[in-house]
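# Structural overview for review
Here's the letter readout for the chains.
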Amino acid sequence: MKISVLGTGYVGLSTGVCLAEIGHFVTCIDINQHKIGQLCQGKSPIYEPFLENLLLKNADEGRLKFTSSYLNGLEGTDIIILAVGTPQSEDGSADLSYIMKCAKDIAPHLTDGVTVVIKSTVPVGTNELVEKIIMSHCNNDITINMASNPEFLRQGSAINDTLHPDRIIIGANSKKVADKIEEMYLPLKAPIIKTSIRSAELIKYASNAFLATKISYINQIANLCEMVGADVNDIALGMGTDKRIGLSFLQAGIGYGGSCFPKDVKALHLTAEKHGIQFSLLKETMRINDEQQELLVKKAKKRFGSLKSKKIALFGLSFKPNTDDMREAPSIKIVRLLSNEGANVVAYDPVATHNAREVLGNMISYANSPEEAILDADAVFIVTDWDEFKHLNITNILKKMRCPIIFDGRNCLDESMLHLLEIGEYYPVGRPSVIFSNQKSD
Ligand SMILES: NC(=O)c1ccc[n+]([C@@H]2O[C@H](COP(=O)([O-])OP(=O)(O)OC[C@H]3O[C@@H](n4cnc5c(N)ncnc54)[C@H](O)[C@@H]3O)[C@@H](O)[C@H]2O)c1
Ligand SMILES: O=c1ccn([C@@H]2O[C@H](COP(=O)(O)OP(=O)(O)O[C@H]3O[C@H](CO)[C@@H](O)[C@H](O)[C@H]3O)[C@@H](O)[C@H]2O)c(=O)[nH]1
């Protein structure tokens, strides 16, 4: 099939590359000419494992092209996939301006019978609005088919998630349109769920808000664990082994961030409110998450009394491992709180430093390695659970501190290695803290 993908962000680019990989002829279109320039040279503008290799392979084999011209990019296409951003507006609702502008701009280039698929996360009813905009800006004599096909990939595992999805949701108002989209995905051999357009739109928000709520739930259990001397890892295992609950998204820590959960929970809450439903459960999900992001600073204040002039080494800046994305990263709030307390922050992240500089500027210093970050540090905050912090000989590095005081916001330090710390303090989330004091001489 000939497919055009609008938007070459995390979703558009991963989708375009993977659809080419399964044999389609794909043109990715973006209004950001700098991005298109990079992509035409085979460079991925984002850090996403396996993306660049697959991009180069499919471009070389002639199935993947990039352009910023709608005229060239939409010519003779069977399916158009809209994957432009829908960020948060000031009032918390989804900002649909990019998708509406995109609809208006592509309209004059559409040909009769083309299928327009919305992959971006959009509030229920958006497909109908987009269809209206397209119909009022296209040639009068054409018909188009609209469909909703929300995306569930996670950053950091986008390629794997796209090639091996748990399910594919296709929302369409006719069997013919749904079958066409199913045909596009057939090589993936993934379970397909066909629904109405409105249901498909809502499935996306319902899924993200549920996962975010699961995280806030376990985080609140973690807080209780700290009060009663229980261990949240044991609780998560004990709960999650029940198939009805499941083990995933029960990792306690400093809360969720990223380009999706924060904005999508807010948007769903607002949609519900707009329709007279008080979805206060989601309000709590958000409140717990806001508070959870303050946890490490609160713990450090309790430990040190004052954080004024303390040097804090931050391990990790991105909102999750395997991505350089800083959108809504908990590190941003942590840095602001630490700065307000008069602490000095030095941060190390394996790949996100460049993007972090744009958000945090010179509020903090940036180190090139964990070793550099801990020089003269009073405490370490583990903010992102990069493998490097779990496996590497991180305990050996921390051992170099005079007295390592570690606040592990992701419970990711390998506890079996902690005995290497002859002296020090380890404060995980929702688990008993450990104080080491010259164990060797004991
Ligand atoms: N990031 C994720 O993990 C993820 C996962 C699932 C769903 N989503 C949803 O997918 C959508 C895209 O998210 P993203 O993170 O990929 O966004 P992004 O911000 O990374 O990328 C959006 C891209 O769209 C381009 N764009 C804007 N207007 C355009 C236009 N008129 N024509 C062509 N290109 C245009 C921008 O230049 C940008 O490159 C959002 O609705 C998001 O909620 C995101
Ligand atoms: O048990 C957990 C799992 C995740 N997180 C945090 O939650 C955030 C989001 O993580 P994750 O869901 O893995 O990454 P995203 O790339 O944001 O993916 C989510 O958001 C995407 C955009 O809508 C959806 O497509 C995905 O299905 C959905 O998982 C991160 O800050 C994680 O650290 C936790 O704190 N505990």
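Before reading on, note that the structure itself is shown above.
Presented here is an overview of the structure given in this document. (Residues numbered from 1 in each chain as written. Chains lettered and ligands numbered in written order. Predicted model: local features only at pLDDT ≥ 70, side-chain atom pairs only at ≥ 80, totals over all residues. Heavy atoms only, no water.)

### Some details on the packing of helix α9 (residues 197-228) against helix α12 (residues 280-292)
Between α9 and α12, whose axes approach to 9 Å, the crossing angle comes to 55°. As judged from the angle between their axes, α9 and α12 are oblique. Crossing of α9 over α12 shows left-handed handedness. Residues Ala-209, Ala-212, Thr-213, Ser-216, Asn-219, Gln-220 and Asn-223 of α9 pack against Leu-281, Leu-282, Thr-285, Arg-287, Ile-288, Asn-289 and Gln-292 of α12. (Axes fitted to C-alpha atoms, helices over the stretch in contact; angles between N-to-C directions. Helix = DSSP H or I, 4+ residues; strand = E, 2+ residues; numbered from the N terminus. Parallel < 35°, antiparallel > 145°, perpendicular 65-115°, else oblique. Left-handed = near helix turned anticlockwise from the far one by under 90°. Contact = heavy atoms within 4.5 Å.)

### As for the packing of aromatic side chains
One pass over the full model with this rule turns up six aromatic pairs. Here Tyr-256 and Phe-261 contribute two aromatic rings whose centre-to-centre distance is 5.8 Å and whose plane-to-plane angle is 85°, an arrangement assigned as edge-to-face. Taken as a pair, Tyr-256 and Phe-261 share a single burial class, namely buried. A centroid spacing of 5.5 Å and a plane angle of 75° characterise the contact between Phe-381 and Phe-407, whose relative ring orientation is edge-to-face. Highlighted residues: Phe-381 in strand β12 (residues 379-382) and Phe-407 in strand β13 (residues 405-408), separated in sequence by 26 residues. Of the two residues, Phe-381 and Phe-407, neither departs from the other in class, the shared state being buried. By way of ring pairs, the aromatic residues Phe-249, Tyr-256 and Phe-261 are connected into one cluster. Against the face of Phe-152 rests Arg-167, its NZ or CZ located 3.6 Å from the ring centre. (Phe/Tyr/Trp six-rings, centres within 6.5 Å; stacked < 30°, edge-to-face > 60°. Buried < 20%, exposed > 50% of the residue type's maximum accessible area, 1.4 Å probe, protein only. Lys NZ or Arg CZ within 6 Å of the ring centre and 35° of its normal.)

### Focus: the environment of Thr-395
Structurally, Thr-395 is set in helix α18 (residues 394-398). On the accessibility criterion, Thr-395 (2% relative accessible area) is buried. The sequence separation of Thr-395 and Val-232 amounts to 163 residues, and the corresponding C-alpha distance is 22 Å. Contact partners of Thr-395, with chain neighbours within four places excluded, come to Met-417, Leu-418, Leu-420 and Leu-421.

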